[in-house]
Amino acid sequence: MTLEDLDLLQLMPELLRTDPVTIALCKAFEPVFAMLTQQMRALLIYTHIDQLSGQVLDDLAWGWDVSWYDPTDTLEARRETIKTALQVFSRMGTAGALKQAVSAAFGDANVSEWWQYGGEPGHFRIEVEDPSATTDRAKAFLKTVDAVKNVRSHLDQIILMKLSDAPHHVGVIPVITQKIRSEQIG
């Protein structure tokens, strides 16, 4: 027996299954349990984000007030933004939250704070691999940054990371050295 085909009367002891009051109560509660089962499925929405349609993702972003969500993004980027939204909210204003929000929509990203690159206090820079962050989707990129960053922080630079498919070759050569001391005797 599952929640979908729940029969309350079958859960009752043998003696109560023939009682008219028990039968009436079980029949009365069956629609309530059916409604609760449907509502429990709705709670599972967060665990099934990869199966949600674009419209449902848009509605979730609106309902959760994910201000950096872009409904014109690809479906995969929108799903990733919704998946990370609660984590970003919990760390809003930090470099980690900014990195996570930018990475969800624009691929791998890295946030360097001012003390890591010798900038002015309260400034930061972002390294991102998606070139559209500085071209056709620059406004969406800046909207994401402004929505997640600390209010007192300022973006200094957007650095594009260029990834290469070139093969990497590593060479190793063993070097054995031995120190020999020689001196003349006599």
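An account of the accompanying structure is given in this report.

Quick word on the overall build of the protein chain
Tallying secondary structure elements over the protein chain gives 7 helices and 3 strands in all. In the protein chain, the succession of helices and strands from N to C terminus is α-α-α-α-α-β-α-β-α-β. Over its C-alpha atoms the protein chain spans a radius of gyration of 30 Å, topping by over 25% the 16 Å that the globule rule assigns to 186 residues. Considering the protein chain as a whole, with its 186 residues, one finds that 27% of them fall into the buried category.

Quick look at the pattern of salt bridges
Tallied over the full model, the rule gives 5 salt bridges. As a salt-bridge pair, D50 and K83 come within 2.8 Å of each other at their nearest N and O atoms. Of this pair, D50 sits in the loop between α2 (20–43) and α3 (54–64) while K83 sits in helix α4 (residues 75–90); the two residues are 33 residues apart in sequence, bridging distant segments of the chain. Assessed through its relative accessible area of 39%, D50 is described here as partly exposed. For K83, a relative accessible area of 27% translates into the label partly exposed. Its salt-bridge partner being D130, residue R137 comes within 3.4 Å of it at the nearest N-O pair.

Conventions and cut-offs
- Residues numbered from 1 in each chain as written.
- Predicted model: local features only at pLDDT ≥ 70, side-chain atom pairs only at ≥ 80, totals over all residues.
- Heavy atoms only, no water.
- Helix = DSSP H or I, 4+ residues; strand = E, 2+ residues; numbered from the N terminus.
- Rg over C-alpha atoms; globule rule 2.2 N^0.38 Å.
- Buried < 20%, exposed > 50% of the residue type's maximum accessible area, 1.4 Å probe, protein only.
- Salt bridge = Lys/Arg side-chain N within 4 Å of Asp/Glu carboxyl O.

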